Amino acid sequence: MKTKTKPNLNKKNYHSNEADKQYMSVSQFKSFRECEAKTIAVLKGEFQEPTTNALLVGSYLHAAFESEEAFQKFIEENNSAIFKSRGGKYADFETADKMIEALKADPFVMFALSGEKEQIYTAELWGTDWKIKVDNINHQHKFFSDIKTTSDLYKRYWSEKYDGWVTFVEYWDYVLQMAVYRRVLQENLGQTYTPYIVAVTKENPPNKAVLHFDESRFDFEYEYIESYIERIIDVKNGKLEPKRCEKCDYCRSTKMLRDTIEIGMLLYE
């Protein structure tokens with residue numbers, strides 16, 4: 001699936017299919033782990049991921065902290081999804097406005113979000129080229145940060161990856177994201193930047209926190225990537241057949257039954 005030349009990445013083509021073919025990213029790695037068949041179908045243009053309202057609201061919130069210009073442009077481009085025909089914003093965006101207000105009213109949060117916005121970096125790691133786009137990077141204080149939304153800061157989730165109860169940060173693989181970003185930045189800048197997550201909840205009123213990481217957490221994520229990246233690269237390059245998960249929207253839409261299954265297997269598939 002690779003070609004000889006790689007596109008010079010910018011904000012316009014960063015999320016393009018061509019860039020995804022040439023570069024690995026955290027979201028693509030996670031997608032391969034969830035379903036190889038779906039990821040390959042997306043890369044080949046045979047399947048398109050639906051845009052969810054949650055993704056749109058997340059982009060709305062991120063744009064609010066990128067710049068006033070970026071925020072107004074996002075609103076203009078997504079006007080019909082944000083505003084009701086009879087006036088006013090849909091409930092999810094009204095909630096997002098409260099989250100934005102809660103963050104902007106806190107000086108400590110705004111310091112954690114201070115720096116250059118939407119910076120793109122690439123690096124060769126674990127046998128392939130990676131791309132990252134950092135929401136916020138502060139070169140003076142050597143840290144980078146990302147806004148994450150959640151329903152409740154203290155909600156617990158069961159994780160097969162960690163084999164135990166975890167926070168929303170681990171459950172959604174944000175530790176893995178920060179680990180990869182940290183390594184890519186080391187390759188580019190020659191220094192170790194400290195990652196932070198600015199978390200804000202959808203509660204009324206919103207809760208918030210600035211989260212840091214014990215460095216030992218990153219070692220586990222690097223080992224996790226090393227355990228799977230060789231196969232992922234081979235699948236992406238067509239050397240191995242992609243496995244189907246038989247659970248995702250792509251697999252459900254293309255599923256053809258060939259046999260029965262015993263009911264007990266429903267617990268383990």
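In this text the structure is predicted, and so the values were computed from the model without any measurement.

The rules behind the values
Counting restarts for each chain: residues are numbered from 1 in the order of the written sequence. In view of the model being predicted, local features appear only for residues whose pLDDT reaches at least 70, and side-chain atom pairs are presented and counted only at 80 or more, with totals across whole chains, interfaces and linings using the full set of residues. Excluded from the side-chain calculation are hydrogens and water; included are all heavy atoms of the structure. The numbering of helices and of strands both runs from the N terminus, where a helix is a DSSP run of H or I of at least 4 residues and a strand a run of E of at least 2. Only protein chains enter the accessibility calculation, which uses a 1.4 Å probe; a residue whose area is less than 20% of its type maximum is buried, one above 50% is exposed, and one in between is partly exposed. Whether two residues touch is decided by their heavy atoms; if any such pair falls within 4.5 Å, the residues are in contact. Throughout, the Shrake-Rupley method with a 1.4 Å probe supplies accessible areas, and for residues the shown protein chains are the sole cover considered. As used throughout, the charge tally considers Lys and Arg to be positive and Asp and Glu to be negative, leaving His and the chain termini uncounted. By convention, the point assigned to a charge is CZ for Arg, NZ for Lys, CD for Glu and CG for Asp. Of the two site types, the cavity is a set of points on a 1 Å grid over the protein atoms alone where a 1.4 Å probe fits but cannot get out, and the pocket is an open set with protein on both sides within 12 Å along at least five of seven lines, each lined by residues with an atom within 4 Å of a point. Grid points are joined across faces, edges and corners, and a volume is the space filled by probe spheres set on the points. Side-chain classes are defined by residue name, with Ala, Val, Leu, Ile, Met, Phe, Trp, Tyr, Cys and Pro counting as nonpolar, Asp, Glu, Lys and Arg as charged, and the others, Gly among them, as polar. Polar contacts, as counted here, are pairs of nitrogen or oxygen atoms within 3.5 Å of one another; within protein the pair requires one atom able to donate a hydrogen and one able to accept it, and residues that are adjacent in sequence qualify only if both atoms are side-chain atoms. Whenever a carboxyl oxygen of Asp or Glu lies within 4 Å of a side-chain nitrogen of Lys or Arg, that contact is scored as a salt bridge. We treat two strands as partners when DSSP finds at least two bridges between them. Throughout this description, the term nonpolar core refers to a set of buried Ala, Val, Leu, Ile, Met, Phe, Trp, Tyr and Cys residues connected via side-chain atoms within 4.5 Å.

1. So, the overall build of the chain
Now for step 1: A count of helices and strands for the chain gives 12 helices and seven strands.
Now for step 2: Across its three principal axes, the chain shows a C-alpha extent of roughly 55 × 50 × 40 Å.
Now for step 3: Here the chain holds 269 residues, and the buried ones make up 42% of them.
Now for step 4: Excluding contacts between residues fewer than 6 apart, the proportion of contacts in the chain whose partners are at least 24 apart in sequence is 61%.
Now for step 5: For the chain, the exposed surface amounts to about 15900 Å²; the carbon and sulfur share of it is 49%.
Now for step 6: For the chain, the distance from the average position of its 38 positive side-chain charges to the average position of its 43 negative side-chain charges is 3 Å.

2. Let's talk about the layout of surface pockets
Now for step 1: For the second largest pocket, the calculated volume is near 460 Å³.
Now for step 2: Looking at the second largest pocket, it is lined by 15 residues, and the ones nearest its centre are E246, K255, L257, I261 and E269.
Now for step 3: Tallied by class, residues from the lining of the second largest pocket come to six nonpolar, two polar and seven charged.

3. Here's the deal with the side chain of K131
Now for step 1: Of note, K131 is situated in strand β2 (residues 128–138).
Now for step 2: There is a polar contact of 2.9 Å between the side chain of K131 and the side chain of D20.
Now for step 3: When sequence neighbours within four positions are dropped, the list of residues in contact with K131 reads L9, Y14, H15, A19, D20, Y23, M24, S25, Y121 and T122.

4. Points about the pattern of salt bridges
Now for step 1: Under the definition given, this model contains 14 salt bridges.
Now for step 2: With its nearest N and O atoms 3.3 Å apart, the salt bridge here joins D106 to K208. With D106 in the loop between α7 (91–104) and α8 (107–112) and K208 in strand β7 (residues 208–211), this pair connects stretches of sequence that are 102 residues apart.
Now for step 3: In this structure K208 comes out as partly exposed when scored by relative accessible area, which is 29%.
Now for step 4: Among the ionic pairs, K161 bridges to D173, the shortest N-O distance being 2.6 Å. Here D173 lies in the loop between α9 (168–171) and α10 (174–189) and K161 lies in the loop between β4 (157–159) and β5 (164–166), a separation of 12 residues in the sequence.
Now for step 5: The exposure class of K161 is partly exposed, given its relative accessible area of 22%.
Now for step 6: Residue classification places D173 among the buried positions, given a relative accessible area of 14%.

5. Quick look at the pairing of strand β1 (residues 116–125)
Now for step 1: As paired elements, β1 and β2 share nine bridges and run antiparallel to each other. Within β2, the residue paired with E124 across the bridge is D129.
Now for step 2: Between β1 and β2, which pair antiparallel in sequence order, lie two residues; one of them, W126, sits at a positive phi of approximately 50°.

6. Here we look at the pairing of strand β6 (residues 194–201)
Now for step 1: Among the eight residues in β6, six count as buried, and that is most of the element.
Now for step 2: Strand direction decides the pairing type here: strand β3 (residues 143–150) and β6, joined by eight bridges, are parallel. In the strand pairing of β6, T150 is matched with T201.
Now for step 3: Counted between consecutive antiparallel strands, the loop separating β6 from β7 contains six residues.

7. Some details on the nonpolar core
Now for step 1: With 41 residues, the main nonpolar core has F29, W130 and V180 as its most contacted residues.
Now for step 2: Mapped by element, the contributors of at least two residues to this core are α2 (26–34), α3 (36–43), β1, β2, α9, α10, β6 and α11 (216–236).
Now for step 3: With nine residues, the top contributor of residues to this core is α10.
Now for step 4: Setting aside chain neighbours within four positions, we find F29 in contact with M24, W130, L176, Y224, I225, Y228, I229 and I232.
Now for step 5: With 22 residues, the next largest nonpolar core counts V57, I75, A96 and M99 among its residues.

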